[in-house]
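Below are the chains, spelled out letter by letter.
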Amino acid sequence: MKSTDVCVVVRMYNEAAVVGPVVTELVQCFDHVVCVDDGSSDGSGAIARAAGALVVTHPVNLGGGAALKTGLRYASEVTDATHFVTFDADGQHQVSDALAMVELARTNDLDVVLGSRFLGLESDMPASRRALLRAAALFTRVTTGVALTDSHNGLRVLSRRFATRLRLTIAGMGYASELIAALGADDVTYAEHPVTVLYTDYSLGKGQRNLNSVNIVVDLALTRLWSPA
C-alpha cells in the first residue's frame, strides 16, 4: 500500500543516468514525489517527470541547501503530507529504509528521523570517506551541541511542523549542519535510524569529494562568523 500522507523530496543535479529508476521505485511506494532540478544540463528533469515525479526547476545551479529549501516549500504547498522524506537522486538510498523511518516517526510522534550509516549494515564505504564523516559528526556536535553518529546523511524524515518552521540560509551542502542545529530546540523530538547506503562507482564519482567536505566546513564557519551573537 502506498503512503498517501508522505511526500518525498529529491534534489538532483545532472543525474540523468540514474534518476529514472530512483523515481520509478519511489512512486511505487509514495503518492507524492517532488524532484528539484537544480540547474541540470543533461535532461534530468524530463526523465524524472516521465518516471512520475513532480519537477520544480532552478534555472541555474544554486546548491543542495537551496534545492532542499525549494523542495520542502513546494511540497508543503501542493500536498497535504504530514511527513516529508529527503532522498538522494544518485541511487545510494534504499526505499525500504525510508519506509521504516516514516513508520518510526509516526509510531513515536517524532519531528525528525535521521538515517545513520554507522548504525546500519556495513557497506563498501571508502575508509577516507568514513574518516571524513566521523570528523563531520564531531564538528557538528561541537558547533551545534547535537550529538549524532551521522550528521551528513541525506536520508531524513521531517514532520510537517518541523519542515515548515525550518529556516535554511546556507545554499550549499553546509545546510545539513544548519538543519541539525534546529534539532536543538526544546520542543523538537528526533531519533536516528540505521540505514544502508550503496556506494557505486557512479555515486562515489558524484559524491562529496574531499574538497567538497572542506567547502562544507567553510560554509559553516562563515555562517557562524556572520551570524549575530
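From a predicted model like this one, the values you see are computed outputs, not experimental measurements.

1. What to know about the pattern of salt bridges
Now for step 1: For the structure on display, the rule yields seven salt bridges.
Now for step 2: A salt bridge links Asp31 to Lys2; its shortest N-O distance comes to 3.7 Å. Placement of Asp31 in strand β2 (residues 30–38) and of Lys2 in the segment before β1 (3–12) is noted, with a sequence separation of 29 residues between them.
Now for step 3: Looking at Asp31, the relative accessible area reads 40%, which means it is partly exposed.
Now for step 4: Here Arg106 ties to Asp5 by a salt bridge, and the two come within 2.2 Å at their closest N and O atoms. Remark: Asp5 occurs in strand β1 and Arg106 occurs in helix α4 (residues 95–107); sequence separation between them is 101 residues.
Now for step 5: A network of salt bridges, in which partner residues are shared, links Asp111, Arg161, Arg165 and Asp187.

2. Remarks on empty space enclosed by the protein
Now for step 1: Counted under the stated rule, the structure contains one cavity of 30 Å³ or more.
Now for step 2: By volume, the largest cavity is sized at about 40 Å³.
Now for step 3: Elements with a contribution of two residues or more to the lining of the largest cavity: β1 and β4 (83–88).
Now for step 4: Taken together, the residues of the lining of the largest cavity sort by class into four nonpolar, two polar and three charged.

3. Section: the layout of surface pockets
Now for step 1: Approximately 170 Å³ is the volume found for the second largest pocket.
Now for step 2: If you trace the second largest pocket, you find it lined by Val18, Pro21, Val22, Glu25, Phe87, Asp90, Gly91, His93, Gln94, Val95 and Leu198.
Now for step 3: It is helix α1 (residues 19–29) that contributes the most residues to the lining of the second largest pocket, three residues altogether.
Now for step 4: Residue composition of the lining of the second largest pocket, grouped by class: six nonpolar, three polar and two charged.

4. Examining the side chain of Asp37
Now for step 1: By the secondary structure assignment, Asp37 is in strand β2.
Now for step 2: One buried charge, Asp37, has no salt-bridge partner; the nearest side chain with opposite charge is Arg49, at 7.0 Å.
Now for step 3: Side-chain polar atoms of Asp37 contact the backbone nitrogen of Gly45, separated by 3.5 Å.
Now for step 4: Not counting chain neighbours up to four residues away, the residues in contact with Asp37 comprise Met12, Gly45, Val55, Val56, Thr57 and His58.

5. A short note on the nonpolar core
Now for step 1: One finds Leu26, Val33, Cys35, Val85 and Phe87 to be the most contacted residues of the largest nonpolar core, which totals 31 residues.
Now for step 2: Elements with a contribution of two residues or more to this core: β1, α1, β2, β4 and α4.
Now for step 3: Other than its neighbours up to four places away in sequence, Phe87 contacts Val8, Val9, Val10, Arg11, Val22, Leu26, His93, Gln94, Val95, Ala98, Gly154 and Leu155.
Now for step 4: The next biggest cluster of nonpolar side chains, apart from the first, holds 24 residues, and it includes Val56, Leu72, Tyr175 and Ile180.

6. A word on the pairing of strand β5 (residues 112–116)
Now for step 1: The buried fraction of β5 is high, at five of five residues.
Now for step 2: In β5, alternate side chains face the same way, and those of Val112, Leu114 and Ser116 on one face and Val113 and Gly115 on the other are all buried.
Now for step 3: Sheet analysis places β5 next to strand β6 (residues 156–159), joined by three bridges and oriented antiparallel. From the neighbouring strand, Val112 faces β6, where its bridge partner is Leu158.
Now for step 4: Where β5 lies against strand β7 (residues 190–194), five bridges are found, and the strand directions are parallel. Bridge assignment links Val113 to a residue of β7, and that residue is Ala191.

Cut-offs and rules
- Residues numbered from 1 in each chain as written.
- Predicted model: local features only at pLDDT ≥ 70, side-chain atom pairs only at ≥ 80, totals over all residues.
- Heavy atoms only, no water.
- Salt bridge = Lys/Arg side-chain N within 4 Å of Asp/Glu carboxyl O.
- Helix = DSSP H or I, 4+ residues; strand = E, 2+ residues; numbered from the N terminus.
- Buried < 20%, exposed > 50% of the residue type's maximum accessible area, 1.4 Å probe, protein only.
- 1 Å grid on protein atoms, 1.4 Å probe; cavity = no way out; pocket = protein on both sides within 12 Å on 5 of 7 lines; lining within 4 Å.
- Points joined across faces, edges and corners; volume = space filled by probe spheres on them.
- Nonpolar A, V, L, I, M, F, W, Y, C, P; charged D, E, K, R; others polar.
- Lys, Arg positive; Asp, Glu negative; His and termini not counted.
- Polar contact = N/O pair within 3.5 Å; in protein donor to acceptor, adjacent residues only side chain to side chain.
- Contact = heavy atoms within 4.5 Å.
- Core = buried A, V, L, I, M, F, W, Y, C linked by side-chain atoms within 4.5 Å.
- Pairing = 2+ DSSP bridges.

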